[in-house]
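A closer look at the structure
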Amino acid sequence: MFSVPELRYAQKYPFSALSRKIVEQSGFTLENIPSPVLSRATKMVAAAFSGHEYLWRIETSAELLSNEVLAFPVAKVLVSLINRLELYRLFGQMLAASVSKNLSAEKDEVLIDMASELKMDFDFTGGSAAFAKVGLCAYLRPSLEDVNAKLVNQKVEGGRVILSRAEFIRLVSMAVSQELRDSLPLKLKDVPAYLKSAADALDSEFSAQVRKQYSKSDFGAVAPESFPPCMAKIYSGLAAGLKVPHSARFAIATFLSSVGMSPDQIVNVFRATPNFSEATTRYHVGRIAGKGSGDGYSAPGCDKMRSYALCVANCPVSHPVQFYANEVGRGKAQAAVPVEEEK
């Protein structure tokens, strides 16, 4: 029997050895997952693609805490059944954010124990500016999506990266996220139908949310310089008169429609292509834009672009329109900064 403090720790850090021990001793299998556990697992997965927090705040109920601990491996099963790279990334990010928040409130001993359990190469110094010194290999092990975390922005001495407490927590959180993403998808056999059904429902909800989020948006004048690398390559190929595959044509047309380009402008993008047909192109662009029906096609996400073999860079986003929105927003922010006149 595990104590409430032990269960609370396992809930906050579901990848820990204690959490694995609790799951192993629970005796539950995929065939007999308790209803409350499956319910919490589905909510965890939904939280990942909805941008919500991972945990419920539970203080004293051993039963509820135990359900939370057991729900995490079930959530991994559901994510594996859905099998989308962008969901793996979002699930990892959600866990990392939760771990970072929890570790920030822990004593140094807990943080050190966590880093040791992850087998990180580090020396604890305890200073304010130099809380820990981390080996280069350990520092570069997780995917450093945050620009501020890039090695070029760090202080390095004697082959070790000098980190403050907050920076060390960030690294530990990123290492947790990387280990989770590396473990997915799980190798599953003979998955019960009710679990597949739960995964299918979540997949449909995820797809609907992506379509809603990255359908037509008002970005103002279209800015090709802000296109993501995949779309910039296709756009440049069309402008150069190259023969572009159908999947790429569909992707760029839906993308351009989603970022606000008019059907006439999209048709003009295709004019330099071999065997250009005004009538055929205008018909397909009209269908993509939803002309006459009001319902057009949404641009494919990064997972779909990878399946089309059209992804050309490891962008820190899950959708090309998200990349474009970030770049346009950054440009507007820079333009809004007043420039002081020379004295």
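Cut-off values and rules
Residues numbered from 1 in each chain as written. Predicted model: local features only at pLDDT ≥ 70, side-chain atom pairs only at ≥ 80, totals over all residues. Heavy atoms only, no water. UniProt positions renumbered as here; feature names shortened; annotations may be inferred. 1 Å grid on protein atoms, 1.4 Å probe; cavity = no way out; pocket = protein on both sides within 12 Å on 5 of 7 lines; lining within 4 Å. Helix = DSSP H or I, 4+ residues; strand = E, 2+ residues; numbered from the N terminus. Contact = heavy atoms within 4.5 Å. Salt bridge = Lys/Arg side-chain N within 4 Å of Asp/Glu carboxyl O. Buried < 20%, exposed > 50% of the residue type's maximum accessible area, 1.4 Å probe, protein only. Pairing = 2+ DSSP bridges. Axes fitted to C-alpha atoms, helices over the stretch in contact; angles between N-to-C directions. Points joined across faces, edges and corners; volume = space filled by probe spheres on them. Nonpolar A, V, L, I, M, F, W, Y, C, P; charged D, E, K, R; others polar. Domains from an automatic or database assignment. Core = buried A, V, L, I, M, F, W, Y, C linked by side-chain atoms within 4.5 Å.

Looking at an unreviewed UniProt entry, one finds the protein chain named DNA primase large subunit PriL and attributed to Candidatus Iainarchaeum sp. Here is the UniProt Sequence similarities (unreviewed entry) comment for the protein chain, exactly as written: "Belongs to the eukaryotic-type primase large subunit family." UniProt, in its Subunit (unreviewed entry) section for the protein chain, records the words "Heterodimer of a small subunit (PriS) and a large subunit (PriL)."

A look at the UniProt feature "binding site: [4Fe-4S] cluster" (unreviewed entry) in the protein chain
In the numbering used here, UniProt assigns the feature "binding site: [4Fe-4S] cluster" (unreviewed entry) to Cys 230, Cys 302, Cys 311 and Cys 315. Judged by maximum C-alpha separation, these annotated positions cover 86 residues in sequence but sit close together in space, the widest gap being only 9.7 Å. Checking the named residues against the largest cavity, the ones that line it are Cys 230, Cys 302, Cys 311 and Cys 315. Tracing the chain through its elements places Cys 230 in helix 10 (residues 229–239). Sequence-distant contacts of Cys 230, that is, excluding residues within four places in its chain, are made with Met 305, Leu 310, Val 312 and Pro 320. Mapped onto the elements of the fold, Cys 302 is located in helix 14 (residues 302–307). Beyond its immediate chain neighbours, meaning those up to four positions away, Cys 302 contacts Val 317, Ser 318, His 319 and Pro 320.

Let's talk about the pattern of salt bridges
Evaluation of the coordinates by the stated rule reveals 12 salt bridges. Asp 108 is the salt-bridge partner of Arg 165, the closest N and O atoms lying 2.8 Å from each other. In this pair, Arg 165 sits in helix 8 (residues 165–182) while Asp 108 sits in helix 6 (residues 108–117), placing the two residues 57 residues apart along the sequence. Between Asp 264 and Arg 282 there is a salt bridge, with the nearest N and O atoms lying 2.6 Å from each other. One end of the pair, Asp 264, is in helix 12 (residues 263–269); the other, Arg 282, is in helix 13 (residues 278–289), and 18 residues separate them in sequence. Judged by its relative accessible area of 31%, Arg 282 falls in the partly exposed class.

Topic: the sheet that holds strand 3 (residues 155–157)
Taken in spatial order, the 4 strands line up as 1-2-4-3 in an open sheet, and their pairing is antiparallel. The open sheet is flanked by strand 1 (122–124) and strand 3, the only strands paired with a single partner. Sheet twist, expressed as the average angle between the axes of neighbouring strands with direction ignored, equals 30°. Sheet analysis places strand 3 next to strand 4 (residues 160–163), joined by 3 bridges and oriented antiparallel. Opposite Val 156, over in strand 4, you have Val 161 as the bridge partner.

Examining the side chain of Thr 281
Mapped onto the elements of the fold, Thr 281 is located in helix 13. Beyond its immediate stretch of four places on either side in the chain, Thr 281 contacts Val 267, Phe 270 and Phe 276.

Observations concerning the layout of surface pockets
For the largest pocket, the calculated volume is near 690 Å³. Residue lining of the largest pocket: 33 residues in total, with Glu 53, Tyr 54, Leu 55, Met 94 and Ser 98 positioned closest to the centre. Secondary structure elements with two or more residues in the lining of the largest pocket: helix 1 (4–12), helix 3 (35–50), helix 5 (85–104) and helix 9 (193–213). The element best represented in the lining of the largest pocket is helix 5, accounting for 8 residues. Each residue belonging to the lining of the largest pocket can be placed in one class, and the counts come to 14 nonpolar, 11 polar and 8 charged.

What about empty space enclosed by the protein?
Per the counting criterion, the structure on display carries 1 cavity of 30 Å³ or more. In this structure, the largest cavity occupies an estimated 100 Å³ of space. Lining the largest cavity, in full, are Pro 228, Pro 229, Cys 230, Cys 302, Met 305, Arg 306, Cys 311, Val 312, Ala 313, Cys 315, Val 317 and Pro 320. Put simply, the parts of the chain that give the lining of the largest cavity at least two residues each are helix 10 and helix 14. Per element, the largest residue contribution to the lining of the largest cavity is 3 residues, and it comes from helix 14.

Section: the domain arrangement of the protein chain
Accessible area lost on assembly of the parts is the figure often given for the size of an interface. For the protein chain, the assigned domains are domain 1 (1–83 + 188–215), domain 2 (105–184) and domain 3 (224–335). On a C-alpha basis, the centres of domain 1 and domain 3 stand 36 Å from each other.

Thoughts on the nonpolar core
Counting residues in each nonpolar core, the largest one holds 63 residues, and the members touching the most others are Val 45, Leu 78, Phe 91, Phe 168 and Val 172. Inspection of this core shows a minimum of three residues originating in each of domain 1 (1–83 + 188–215) and domain 2 (105–184). If we skip the residues at most four places from it in the chain, Phe 91 touches Met 44, Ala 48, Phe 72, Ala 75, Lys 76, Val 79, Leu 180 and Leu 184.

A look at the environment of Pro 229
Its place among the elements puts Pro 229 in helix 10. The spacing of Pro 229 and Cys 315 is 86 residues in sequence and 8.4 Å in space, taken between C-alpha atoms.

Structural notes on the side chain of Gln 11
Assignment of secondary structure puts Gln 11 in helix 1. Those residues in contact with Gln 11 that sit more than four places away from it in its chain are Tyr 54, Leu 55, Trp 56, Ile 58, Leu 65, Glu 68 and Val 69.

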